[in-house]
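So you can see what is in the structure, the chains are spelled out below.
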Amino acid sequence: MVDAPKAQDSAPRNLDALLTPIDAFLQCPTPEAWLQEAVKPENRPILLIDHCNCELKAAQTGLQLMRRYALADDDKSVVAEWTKPYEDFVYFKKGNGIFPDKKAVLSVPLTACEGQPLAAEIIRKMVALIKEELLHFEQVLEILQKSDITYDAISASRYAKGLIKMVRTFEPATLVDKLIIGAYIEARSCERFARLAPRLPPELAGFYYRLLKSEARHFSDYLTLANKVAQTDDRVASGFEARVQEIGAEEATLISSPDDCFRFHSGVPETLCA
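The paragraphs below set out a description of the structure included in this document. (Residues numbered from 1 in each chain as written. Predicted model: local features only at pLDDT ≥ 70, side-chain atom pairs only at ≥ 80, totals over all residues. Heavy atoms only, no water.)

A short note on the pattern of salt bridges
Opposite charge on two side chains allows them to pair when their charged atoms are near. Condition: A side-chain nitrogen of Lys or Arg and a carboxyl oxygen of Asp or Glu constitute a salt bridge if their distance falls within 4 Å. Runs of E in the DSSP output that reach at least two residues are strands. Runs of H or I that reach at least four are helices, and both are numbered from the N terminus. Buried, partly exposed and exposed residues are distinguished by accessible area as a fraction of the type maximum, computed with a 1.4 Å probe on protein chains only: under 20%, between the cut-offs, and over 50%, respectively.
The tally for this structure, following the rule as stated, stands at 18 salt bridges. With its nearest N and O atoms 3.9 Å apart, the salt bridge here joins Lys125 to Asp221. Taken together, the residues span a long stretch of sequence, with Lys125 in helix H7 (residues 119-146) and Asp221 in helix H10 (residues 202-230) at a distance of 96 residues. Assessed through its relative accessible area of 17%, Lys125 is described here as buried.

Thoughts on the nonpolar core
Note the threshold: The criterion is simple. A nonpolar core is a set of buried Ala, Val, Leu, Ile, Met, Phe, Trp, Tyr and Cys residues joined through side-chain atoms within 4.5 Å. Should any heavy atoms of two residues lie within 4.5 Å, those residues are counted as being in contact.
Ranked by internal contacts, the top residues of the largest apolar core, which has 87 residues, are Met66, Ile130, Phe137, Tyr151, Leu196 and Tyr208. Apart from the residues lying within four places of it in its own chain, the contact partners of Met66 are Leu71, Val79, Trp82, Leu110, Ile122, Ile123, Met126, Val127 and Ile130.

Thoughts on the packing of helix H3 (residues 44-69) against helix H9 (residues 173-196)
For clarity, the cut-off: Only the stretch in contact is used when fitting a helix axis, every axis being a line fitted to C-alpha atoms; angles between N-to-C directions are given from 0 to 180 degrees. Each angle receives one of four descriptions, namely roughly parallel if under 35 degrees, roughly antiparallel if over 145, roughly perpendicular if within 65 to 115, and oblique otherwise. If you view the pair so one helix is near and one far, a crossing is left-handed when the near helix is turned anticlockwise from the far one by less than a right angle, and right-handed when it is turned clockwise. Three classes are used, and their members are as follows: Ala, Val, Leu, Ile, Met, Phe, Trp, Tyr, Cys and Pro are nonpolar, Asp, Glu, Lys and Arg are charged, and the others, Gly among them, are polar.
The N-to-C vectors of H3 and H9 enclose an angle of 155°; their axes lie 12 Å apart at closest approach. Overall, the two elements H3 and H9 adopt an arrangement that is roughly antiparallel. Viewed along their axes, H3 and H9 form a crossing whose handedness is left-handed. Contacts between H3 and H9 involve Leu47, His51, Glu55, Ala58, Leu65 and Tyr69 from the former and Thr174, Leu175, Lys178, Leu179, Glu186, Phe193 and Leu196 from the latter. Residues that form the contact of H3 with H9 fall into these classes: eight nonpolar, two polar and three charged.

Quick look at the state of the cysteines
Each disulfide consists of a covalent bond between the sulfur atoms of two cysteine residues. Quick reminder of the rule: Defined by distance alone, a disulfide is two cysteine sulfur atoms within 2.5 Å.
A complete count under the given rule lists zero disulfides for this structure. Cysteine Cys52 remains unbridged, with the sulfur of Cys54 as its closest cysteine sulfur at 9.5 Å. With no disulfide of its own, Cys190 lies closest to Cys54 among cysteine sulfurs, the gap being 14 Å.

Pasting the structure below:
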């Protein structure tokens, strides 16, 4: 008799190497109370729907950063169409969940704007991120459909809004802060996938384990870009490490404090909301 597969059987061999920089970066681990809530079968629809929403938001963030800071004007309207089919599906219930071929749509040549020395690198890394986030959106959506879970509208958690409040209002500090926040969001996602996977059914666990590598890479890309942008301004560069810690402290507060909503990036569950 062959034993049923276990969640840990699908863990990547380099799991510790992937998580070491993530755990060093984050200022607190995910609370056990959140993990206990997340593994309850009755909460799986909310977990997966919000995960799907987060993948779309991550793609939208990459696109917005690219349009604001890296693209020539003529290309801004081109990339604005990349997320539209997904937004129509999620926000307006249009379409059947079949989306355009990303390899064809997202491979058009793009022109970097003038005046931003890192524009080409921002474009390259954000295009790669957008492709992966939209693919992950489709993969989570497929899990929802196979599980007969209706993609209902749910409210967002306080997490991203709480971090965005930290963003400074002068450049290049604004961009630096947005990139640091992106690094924290990706790092937290990676950490939660890793801690959740051993507690989930094997198929979902395997999927979460497979996401770890890309989330870890997104974290690294965001943080590297943040540092490079900071170095273009002496005032911002001198306070870069302190700024990373300041935003990290707020991120840890949002994760470790009581939260009245259960979502993928929510804090310690208090009273669950709809």
